[in-house]
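Per-entry structural report
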Amino acid sequence: MKQKFATMKAAARANPNSDHATRDQHLSKMADLITENSDAIIAAICEDFGHRSPIETQFGETLNALADIKHTRKKLAQWMRPEKRSVGMHFLPARNEVRYQPKGVVGVISPWNYPFSMAINPTIGALAAGNRVMIKPSELTPKLSALLAILIAQYFEADHVTVITGGVDVAQQFSALPFDHLVFTGSTKVGQLVMQAAANNLTPVTLELGGKSPAILDSEYPMKLAVEKIVSGKLFNAGQTCISPDYALVPAEREADFVATVTATARRFYPSIFDNPDFTAIISEAHFSRINGLIEDAQAKGATITEIYPEEVGKPANTRKMLPKIITNTSDDMKVMQEEIFGPLLPVVPYNGVDEAIDYVMDRPHPLAFYGFSNNSTFVEKLLHKPLAGGVSINDTLLHIVQNDLPFGGVGTSGIGCYHGFDGFKTFSHAKAVFHQSKINARSAMFPPYGKTMDRLLGMLR
Ligand code: NAD
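Below: a short report on this structure.

Here is what the cut-offs are and how they apply
Residues numbered from 1 in each chain as written. Predicted model: local features only at pLDDT ≥ 70, side-chain atom pairs only at ≥ 80, totals over all residues. Heavy atoms only, no water. Near = heavy atom within 4 Å. Polar contact = N/O pair within 3.5 Å; in protein donor to acceptor, adjacent residues only side chain to side chain. Areas by Shrake-Rupley, 256 points an atom, 1.4 Å probe, with all protein chains shown as cover. 1 Å grid on protein atoms, 1.4 Å probe; cavity = no way out; pocket = protein on both sides within 12 Å on 5 of 7 lines; lining within 4 Å. Sits in = over half its atoms within 2 Å of the grid points. Helix = DSSP H or I, 4+ residues; strand = E, 2+ residues; numbered from the N terminus. Nonpolar A, V, L, I, M, F, W, Y, C, P; charged D, E, K, R; others polar. Points joined across faces, edges and corners; volume = space filled by probe spheres on them. Axes fitted to C-alpha atoms, helices over the stretch in contact; angles between N-to-C directions. Parallel < 35°, antiparallel > 145°, perpendicular 65-115°, else oblique. Left-handed = near helix turned anticlockwise from the far one by under 90°. Contact = heavy atoms within 4.5 Å.

With respect to the site of the ligand
Within the structure, the ligand sits among 29 residues, and Ser-110, Glu-139, Ser-187, Leu-209 and Glu-340 are positioned closest to it. Here a nitrogen atom of the ligand sits 2.7 Å away from a polar atom, N or O, in the main chain of Leu-209. Glu-340 has a polar side-chain atom sitting 2.6 Å from an oxygen atom of the ligand. Alone, the ligand offers 850 Å² of accessible surface; in the complex the protein occludes 92% of this. More than half of the atoms of the ligand fall within 2 Å of the grid points belonging to the largest pocket. At the level of elements, helix 7 (168-175), strand 6 (181-185) and helix 8 (188-199) are the ones that each hand at least two residues to the shell around the ligand. Per element, the largest residue contribution to the shell around the ligand is 4 residues, and it comes from helix 7. For the shell around the ligand, a count of residues per class yields 16 nonpolar, 9 polar and 4 charged.

Things to note about empty space enclosed by the protein
One pass over the structure, following the stated rule, counts 5 cavities of 30 Å³ or more. The wall of the largest cavity is formed by 16 residues, among which Gly-60, Asn-64, Tyr-114, Ile-401 and Val-402 lie closest to the centre. Looking at the lining of the largest cavity, the elements with two or more residues in it are helix 4 (54-80) and helix 5 (117-128). For the lining of the largest cavity, a count of residues per class yields 10 nonpolar, 6 polar and no charged.

A few points about the packing of helix 3 (residues 38-49) against helix 4
The axes of two packed helices give the description: the angle between them and the distance between them. Their axes nearest at 10 Å, the elements helix 3 and helix 4 cross at an angle of 115 degrees. Taken together, the axes of helix 3 and helix 4 lie roughly perpendicular to each other. For the pair helix 3 and helix 4, the crossing hand works out as right-handed. Of the residues in helix 4, those in contact with Ser-38, Ile-41, Ile-42 and Ile-45 of helix 3 are Pro-54, Thr-57, Gln-58, Glu-61 and Thr-62.

Some points on the layout of surface pockets
Space inside the largest pocket adds up to approximately 1400 Å³. Together, 50 residues line the largest pocket, and Gly-186, Ser-187, Thr-188, Lys-189 and Val-190 are the ones closest to its centre. Sorting the residues of the lining of the largest pocket by element identifies helix 7, strand 6, helix 8, helix 11 (285-300) and helix 12 (354-362) as the ones contributing at least two each. For the lining of the largest pocket, the element with the most residues is helix 8, which contributes 6 residues. Grouping the constituent residues of the lining of the largest pocket by class yields 26 nonpolar, 15 polar and 9 charged. In this structure, the second largest pocket spans a volume of roughly 290 Å³. In terms of lining residues, the second largest pocket is bounded by His-90, Phe-91, Leu-92, Phe-435, Gln-437, Asn-441, Ala-442, Arg-443, Met-446, Leu-457 and Leu-461. A breakdown of the residues in the lining of the second largest pocket according to their chemical character gives 7 nonpolar, 3 polar and 1 charged.

Structural data, given as structure tokens:
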């Protein structure tokens, strides 16, 4: 790994910058890699999960990455142009500009839940900015990680993009490399370790983390419309999505209706679970029992568990697919209300008045995503004004992440920094400030020995 890194650093030193045509060629190669191997990518992820809906893999991984490449290729020439900046009156007629320059070698550590796009999307931004990229994919998706290593080696020079596979020990060594930028997508706990390792090298980090993302329904928004978006957001990838709506804040008087509508809607979207090709399995036995543990803990502490598919309970499943459930009568001491769920469970928290709902969110760590369902602009403005959250969709779930012209990232425990589109280009570039002195200038007035001219100048500046 160290040898590969040294080779990349040497290549970056020899060619520290690249023109638009070269970067465009790299992006085009990445698009070829995806389109020419889409079936293999879908199959590998399906095998890693035990079952992953092929539609979800296309929507959440391959097509999403292709859309990002398309947008980036369309805009890259414009992003690469030096940016003109204003000049203070006293410095006229000098000129100011910002030049975006590649940082060098970017490290990417990715998680298992979207094992392709979480490795490739940061790579797209880093390549657009003219960098070289080393990727460390998750050990929990060994088929996809191995395929990624083969494909990247086929489509890219080894000193340009490379994949290092391995477990946590490899990940630790990887995060200790003196990258010029390190992007980590994963849990908040591991994010802290990665930032500590990066600090030893003063490597700048982008941390794309997780947390509990709430959905808030107002007292008048049509129940069916809100629930359709919440259920589809929750059950996409069986809830194993960083921006999945984790729990729902619902006006107390609408709670019973909400539970009934979630049940009916889930059953309409997925008439069955175990034999349904649209429904994705849980990634591993360990995660399966972790989510079961959340249910048992909540039940032991007095929660009500509503089975959405009672007819499938106890059926021999022979699969890691988990039956979706609604959890009511929750309390703060339950693990399901403390940890990111990352599974098909939907806790419902009743509230009285929007301020109570906002306080509930603000009393907890800043979420990665926040969803509001309301046609009332005062309600929406209240949601947008006070709580900090990485990103927001109003009257929908998940879709802010696929907006190419919006930054994506968390805040506080849900992340540091952002990427996607121009914001990604800026993250992976150094914004070099350049002052161009003009031939005509008063610079000599500032030279020592300081005398009356300098006094007059200071007087003007005071
Ligand atoms: P994880 O933190 O367990 O692992 C992520 C990656 O970190 C893996 O590649 C792993 O090998 C590596 N790693 C593990 N220990 C390490 C260490 N000590 N030092 C360096 N690297 C180490 O996360 P996960 O379980 O794979 O993913 C789930 C989490 O990711 C959830 O919290 C989810 O919300 C979050 N996530 C966030 C986003 C986002 O864009 N914000 C996207 C997807 C997932």
